[in-house]
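Take a look at the letters that make up each chain.
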Amino acid sequence: TEFLRDPVAQRRIAALDTLYEMGEKASHAFPAIQDSLQDSHRKVRELAAALLGVIGHDDPSAASSALESIFDPSNVRRFEPWQTSGVIQRIGLELLPEVVARTKATDTNVRARAITAIAANECTRSLATAAIRDCLNDPEPSVRVAAASAFRFVQIPDAVAVRLIAVLRDEDVAVCNQA
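Residues numbered from 1 in each chain as written. Predicted model: local features only at pLDDT ≥ 70, side-chain atom pairs only at ≥ 80, totals over all residues. Heavy atoms only, no water.

Quick notes on the overall build of the protein chain
- The helix and strand tally for the protein chain stands at 12 helices and 0 strands.
- Each helix (α) and strand (β) of the protein chain, taken in turn from the N terminus, gives the series α-α-α-α-α-α-α-α-α-α-α-α.
- Buried positions account for 50% of the 179 residues belonging to the protein chain.
- Across the protein chain, the fraction of contacts at a sequence separation of at least 24, relative to all contacts at a separation of at least 6, is 61%.
- If you sum the accessible surface of the protein chain, you get close to 8800 Å²; carbon and sulfur atoms cover 52% of it. (Helix = DSSP H or I, 4+ residues; strand = E, 2+ residues; numbered from the N terminus. Buried < 20%, exposed > 50% of the residue type's maximum accessible area, 1.4 Å probe, protein only. Contact = heavy atoms within 4.5 Å. Areas by Shrake-Rupley, 256 points an atom, 1.4 Å probe, with all protein chains shown as cover.)

Dropping the structure here:
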């Protein structure tokens, strides 16, 4: 784990690759891996998030901690939706309620990231249609855009279709374009 603190990014990446190959046996390195979520190098953050998802199978606190780090408002712009949904997929659906709860967070970026992560994961999107629908009414355009985008992957019931039509008339052009 000392290589996870190495000043050279390629060494940190190599260390995370090695830990990733170890899979669940890498749980001993959890604190250092969690610290890597704050790394200045994007590839290090990506690998750390993926690795925490793998470790999460045996350690619920690791999975929960990975979500906490990913949805931390100071980090939320650093992770791509596929990374967040990948962690959700790897740790299983038991943490889906925690992700759905973040669709109601006070931070706009956290709400948008949560809805995007839900939609990006095939296992979760059908289970969280109500959360996606609720985000169509969000006061922030970026969250409405994420919700409208999420419906590309979800079969739309008639009641939701009515709201989606209203979003098409949204005052924000980006929301209309995404819908």
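With respect to the pattern of salt bridges
- Tallied over the full model, the rule gives 7 salt bridges.
- The salt bridge partner of Arg5 is Asp35, with a shortest N-O separation of 3.6 Å. A residue pair is termed long-range when its members are at least 10 positions apart, and Arg5 in the segment before helix 1 (9-22) and Asp35 in helix 2 (residues 30-36) qualify at 30 residues.
- Between Arg111 and Asp138 there is a salt bridge, and its shortest N-O distance comes to 2.8 Å. Placement of Arg111 in helix 7 (residues 108-120) and of Asp138 in the loop between helix 9 (129-135) and helix 10 (141-150) is noted, with a sequence separation of 27 residues between them. Take Arg111 and Asp138: they sit in the same class, and that class is buried.
- Residues joined by salt bridges that share partners form a network here, namely Lys104, Arg133 and Asp134. (Salt bridge = Lys/Arg side-chain N within 4 Å of Asp/Glu carboxyl O.)

Describing the packing of helix 7 against helix 10
- Running from N to C, helix 7 and helix 10 point in directions that differ by 5 degrees, and their axes come no closer than 8 Å. Classified by the interaxial angle, the pair formed by helix 7 and helix 10 is roughly parallel. Across the interface between the two elements, Thr108, Arg111, Ala112, Ile115, Thr116 and Ala119 from helix 7 touch Ser142, Val143, Ala146, Ala147 and Ala150 from helix 10.
- A breakdown of the residues in the contact of helix 7 with helix 10 according to their chemical character gives 7 nonpolar, 3 polar and 1 charged. (Axes fitted to C-alpha atoms, helices over the stretch in contact; angles between N-to-C directions. Parallel < 35°, antiparallel > 145°, perpendicular 65-115°, else oblique. Nonpolar A, V, L, I, M, F, W, Y, C, P; charged D, E, K, R; others polar.)

Considering the environment of Phe30
- Its place among the elements puts Phe30 in helix 2.
- Owing to a relative accessible area of 14%, Phe30 belongs among the buried residues under this scheme.

A closer look at the side chain of Arg102
- Turning to its location among the elements, Arg102 is positioned in the loop between helix 6 (96-101) and helix 7.
- A relative accessible area of 13% means that Arg102 is categorised as buried.
- Apart from the residues within four sequence positions on either side, Arg102 is in contact with Leu67, Glu68, Phe71, Val110, Arg111 and Ala114.

Looking at the environment of Pro97
- On the secondary structure map, Pro97 appears in helix 6.
- On the basis of relative accessible area, Pro97 is assigned to the exposed category, the value being 55%.
- For the pair Pro97 and Ala128, spaced 31 residues apart in the sequence, the C-alpha separation amounts to 9.0 Å.

As for the nonpolar core
- By size, the foremost hydrophobic cluster in this structure holds 42 residues, and its most contacted members are Leu16 and Ile33.
- The set of elements that each furnish at least two residues to this core consists of helix 1, helix 2, helix 3 (42-55), helix 4 (60-71), helix 6, helix 7, helix 9 and helix 10.
- The leading source of residues in this core is helix 3, at 7 residues. (Core = buried A, V, L, I, M, F, W, Y, C linked by side-chain atoms within 4.5 Å.)

A word on the confidence of the model for the protein chain
- Summing up the model confidence of the protein chain, the mean pLDDT is 75 and the portion of residues at 70 or higher is 64%.
- Taking the mean pLDDT of every element in the protein chain, the minimum, 55, falls on helix 11 (residues 158-168) and the maximum, 91, on helix 1. (pLDDT = per-residue confidence, 0-100.)

What about helix 7?
- The end-to-end C-alpha separation of helix 7 is 18 Å, in line with the 18 Å expected for 13 residues at 1.5 Å each.
- Burial runs high along helix 7: 10 of the 13 residues are buried.
- If you check which residues of helix 7 are buried, you get Thr108, Val110, Arg111, Ala112, Arg113, Ala114, Ile115, Ala117, Ile118 and Ala119.
- Where helix 7 begins, one side-chain oxygen reaches toward the backbone nitrogen of Asn109, 2.9 Å away; that side chain belongs to Asp107. (Expected span 1.5 Å × (residues − 1). Polar contact = N/O pair within 3.5 Å; in protein donor to acceptor, adjacent residues only side chain to side chain.)

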